[in-house]
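# Examining the three-dimensional arrangement
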Amino acid sequence: MIVVMGATGTTGTALLHSLRALDVPVRALTRTPNRPLPGTVGPHDRQVEVRYADAADPDSLRAAFAGASQLFLAMANSPAQVELETRVIDIAAHSGIGHIVKLSAPAAEPASPVAISRGHHAVEEHLRAAGPTGTVLRPYAFMQNLLRLAPSVAQGLVLGAMRDAPCNYIDCRDIGDVAAAVLTRRHLAGGTYTLTGPEAVSHPDLAARLTELTGRRIRYVDLAPDELRDNLVHRAAMPAWLADHVVEIQQLAVARPESPTTTVTDILGRRPRTLDAFLNEHRAHFQ
């Protein structure tokens, strides 16, 4: 039995789809179990067992982990992430789960300039010491997050603080396929995998592709880091900690130019989905 924690998120939904295609037993965890999950037929799906669980509720975790052998752990970034994820890992270990796949982040280092990445590093270290086999996935920027640009694209703008630095993007469906592979192929367990799409794309290049996609001129406007943070907080109503995170990861891309890895191809035996294919698939969203 594979437990998917974060089953309602973009990556968790993709993983459910991948595991259902492999016809393996899956238990999806959610705080709203009576609501059908994306990636399942319904609350009583033949292959997907839906259970209530909340990372802040240890008893619910113990019940959700009973009888399971593997756990996929994905939680939304937040200031409480380290506390919550380490609790989940400890309860999973005590429940007899032998393999935990953690969704992490690039630059997960103790002195990373990205606060969220420092937190991911702390959780990775805790996982390595906890007992179960730990597998770490470190995907770069989700292509699905580009859909959030639609309001600014409608105004003819893409805003950022990345100059012309290249940025790695990856489709969450590829992350789901990789996660399914490491959960079902024993020889892949225990590794640390950095995941990207097939190319790194700068914000000016992204604006050019959106221009071609929409038939309207889309400009990239490069802001100072403080200007971008203020825009995210005051115009996009983003929490301050999340605005800080966005600025930090963009500044990291400037300081450490990004380039794609071959990990997705190495594991899946096929090329990852391209940014152009993703944008074309969601053309109507940007219109």
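Scroll up to find the structure.
To keep things clear, this report deals only with the structure shown in the data block. (Residues numbered from 1 in each chain as written. Predicted model: local features only at pLDDT ≥ 70, side-chain atom pairs only at ≥ 80, totals over all residues. Heavy atoms only, no water.)

### Points about the side chain of D54
Applied cut-off: Going along the chain from the N terminus, every DSSP run of H or I of four or more residues is numbered as a helix, and every run of E of two or more is numbered as a strand. Relative accessibility under 20% of the residue-type maximum defines a buried residue, over 50% an exposed one, and the middle range a partly exposed one, all with a 1.4 Å probe and only protein chains included. Charged residues are defined narrowly, with Lys and Arg counted positive, Asp and Glu counted negative, and His plus the chain ends left uncounted. Salt bridges are defined by distance alone: a side-chain nitrogen of Lys or Arg within 4 Å of a carboxyl oxygen of Asp or Glu. Here, residues are in contact when the closest pair of their heavy atoms is within 4.5 Å.
Take D54: it is sitting in the loop between β3 (48-52) and α2 (58-65). Notably, D54 is buried but unbridged: the nearest opposite-charge side chain belongs to R31, and the N-O separation is 4.4 Å. Non-local contacts of D54, meaning those with residues more than four positions away in its chain, are made with R31, S60 and L61.

### Focus on the side chain of K102
Along the chain, K102 falls in strand β5 (residues 99-103). According to the relative accessible area criterion, K102 is buried, its value standing at 0%.

### Digging into the pairing of strand β2 (residues 26-30)
Short version of the rule: The rule for pairing is simple: two strands pair if DSSP sees at least two bridges between them. With the strands pointing away from the viewer, any crossover whose connection runs clockwise from the first strand over the helix to the second is right-handed.
The buried count for β2 comes to five of five residues, which makes it a mostly enclosed element. In terms of strand pairing, strand β1 (residues 2-5) meets β2 through four bridges, oriented parallel. Note that in β2 the partner of V3 across the bridge is R27. As for the winding sense of the linkage, the β-α-β connection from β1 through helix α1 (residues 10-22) to β2 is right-handed.

### Some thoughts on the nonpolar core
One broad trend across soluble globular proteins is that nonpolar side chains are buried collectively. How we decide: Throughout, nonpolar core names a set of buried Ala, Val, Leu, Ile, Met, Phe, Trp, Tyr and Cys residues whose side chains join them through atoms within 4.5 Å.
The biggest cluster of nonpolar side chains holds 31 residues, and the ones touching the most others in it are V4, L15, L19, F72, L137 and L195. When contributions to this core are tallied by element, the ones reaching two or more residues are β1, α1, β2, β3, β5, α6 (172-184), β10 (192-195) and α10 (263-268). Top contributing element to this core by residue count: α6, with eight residues. Sequence-distant contacts of F72, that is, excluding residues within four places in its chain, are made with V3, V4, M5, T11, L15, V101, L103, L137, A179 and L183. V153, V158, C167 and I218 belong to the second largest nonpolar core, which has 21 residues in total.

### A look at the state of the cysteines
Every disulfide links exactly two cysteines, by a covalent bond between their sulfur atoms. To be explicit about the condition: Note on terminology: pairs of cysteine sulfur atoms within 2.5 Å are recorded as disulfides.
Using the criterion set out here, one finds zero disulfides in the structure. Looking at C167, it has no disulfide partner, and the nearest cysteine sulfur is the one in C172, 13 Å off.

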